[in-house]
Amino acid sequence: MIDTGGGNTMNPGEVADSTVNSSPYCYKKLSSHNIREFIDSVDAFLFDCDGVIWKGEKLIDGIPETLDMLRSMGKKLVFVTNNLRKSRKQFVKKFQALGIHVSEGEIFSSSFAAAMYLKVHNFPTDKKVYVIGEEGILEELALAGFTGIGGPEDGKKTPELKSGSFFEHDKSVGAVIVGIDQYINYYKLQYGTLCVRENPGCLFIATNRDAVGHFTDLQEWPGAGCMVAAMCGSTQKEPIVVGKPSTFMMDFLLEKFNISTSRMCMVGDRLDTDILFGQNSGCQTLLVLSGVTNMPTLLDPANNIKPDYYTEKVSDILNMLERSIL
């Protein structure tokens, strides 16, 4: 046992640290010694996807077997992702292509959250939504009964930057939604900026502000935060953020599953979105090191976001449970 001061002790492999206000805080390395206690304390697992379930189009080892095992134990599984490139229906197809069965009702994406934000706040159906993003947002808007414009189609357009030219935009746009957009260009930024600055009451909504994302298995790529930052710069306004770490999606999770947040565990690879979302919502948290966050970042004294547990990858849960039985 390791003495951390003040009579507190901890097992080898556990890490002692402090929060920003210097109050004691310990987070544990998940192991065969504490796995049973951990599993018994959780009724619902909330999984991030990129860097946790897959990287790009490549499944991370051991995922199907681990998810099947958790389901067999009666655990609820939910997939809470800031990736908005796909709709929930498209995510189901991706899971199935990777050999994992999930239902649409188990997926909560930031594109879905953006559409639900408009729904909850009674956004007028005669108003349009301009999208700086991809097909996932447009599909979720349509399913919610809203008219989305822009998206990938505007990625092919260029503005005229010459004397006497005037950029027209739709005055009926009542919201601009910004997320990850591989087709982002100057035309879209001008269109979104004009809507936010000139259309009375136009909402500026960000799906998330992730700096980077694992959109392929070998590299990180610029995330939605880059696109959102560009709009913040041109509009001089801050957006309404609906994805993690905002707790907006948690209201839908609580309504659907009727499980106390203290019996939920958020499993993710990012401290500033996944783990912070879990903490903001009152969930337990498990950081996996298979994605964005590595051990030096977790141990960095400047890091003030501490998970309850950490491990290398999700399949460690299965391996540790099997070892704990032996």
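Thresholds, definitions, all that
Residues numbered from 1 in each chain as written. Predicted model: local features only at pLDDT ≥ 70, side-chain atom pairs only at ≥ 80, totals over all residues. Heavy atoms only, no water. Buried < 20%, exposed > 50% of the residue type's maximum accessible area, 1.4 Å probe, protein only. Helix = DSSP H or I, 4+ residues; strand = E, 2+ residues; numbered from the N terminus. Pairing = 2+ DSSP bridges. UniProt positions renumbered as here; feature names shortened; annotations may be inferred. Contact = heavy atoms within 4.5 Å. Polar contact = N/O pair within 3.5 Å; in protein donor to acceptor, adjacent residues only side chain to side chain. Domains from an automatic or database assignment. Buried area = accessible area lost by both parts, 1.4 Å probe. Salt bridge = Lys/Arg side-chain N within 4 Å of Asp/Glu carboxyl O. Nonpolar A, V, L, I, M, F, W, Y, C, P; charged D, E, K, R; others polar. Expected span 1.5 Å × (residues − 1).

Draft legend 1. Region of the structure containing the pairing of strand E17 (residues 264-268). Of all five residues making up E17, five are buried, and the element is well covered by its neighbours. Of the two faces of E17, the one lined by Met 264, Met 266 and Gly 268 and the one lined by Cys 265 and Val 267 are each fully buried. Here strand E5 (residues 44-47) pairs with E17 via four bridges, running parallel. Residue pairing across strands places Leu 46 opposite Met 266, the latter belonging to E17. Pairing of E17 with strand E18 (residues 284-288) involves four bridges; the strand directions are parallel. In the strand pairing of E18, Gly 268 is matched with Leu 287.

Draft legend 2. Fine view of the UniProt feature "binding site: substrate" (unreviewed entry) in the chain. UniProt feature "binding site: substrate" (unreviewed entry): in the numbering of this structure it lies at Lys 244. According to the relative accessible area criterion, Lys 244 is buried, its value standing at 1%. With residues up to four places along the chain from it excluded, the contact list for Lys 244 reads Asp 48, Val 80, Thr 81, Asn 82, Asn 208, Asp 210, Met 249, Met 266, Thr 273, Asp 274 and Phe 277. Polar contacts involving the side chain of Lys 244 include one to the main-chain carbonyl oxygen of Val 80, which spans 2.7 Å.

Draft legend 3. Spotlight on the domain arrangement of the chain. According to the domain assignment, the chain consists of domain 1 (28-82 + 245-324) and domain 2 (112-241). For domain 1 versus domain 2, the separation of C-alpha centres amounts to 30 Å. On the domain 2 side, the residues contacting the 15 residues of domain 1 number 15 residues. Between domain 1 and domain 2, roughly 1200 Å² of surface is buried when both sides are summed, and carbon and sulfur atoms account for 63% of that area. Along the contact surface separating domain 1 from domain 2 lie zero salt bridges. The interface formed by domain 1 and domain 2 contains four residue pairs in polar contact (both at pLDDT 80 or more). Sorting elements by how many residues they give to the side of domain 1 that touches domain 2 places helix H8 (residues 248-257) first, with three residues. Split by residue class, the side of domain 1 that touches domain 2 holds four nonpolar, six polar and five charged.

Draft legend 4. Quick look at helix H6 (residues 186-198). Here H6 is 13 residues long and its end C-alpha atoms lie 18 Å apart, about the 18 Å a rise of 1.5 Å per residue gives. Buried within H6 are the following residues: Tyr 187, Lys 188, Leu 189, Tyr 191, Gly 192, Thr 193, Leu 194, Cys 195 and Val 196. Elements that come into contact with the buried residues of H6 comprise strand E10 (128-132), strand E11 (147-150), strand E12 (173-178), strand E13 (203-206) and helix H7 (224-235). Structurally, the start of H6 carries an N-cap: the backbone nitrogen of Tyr 187 is 3.2 Å from a side-chain oxygen of Asn 185.

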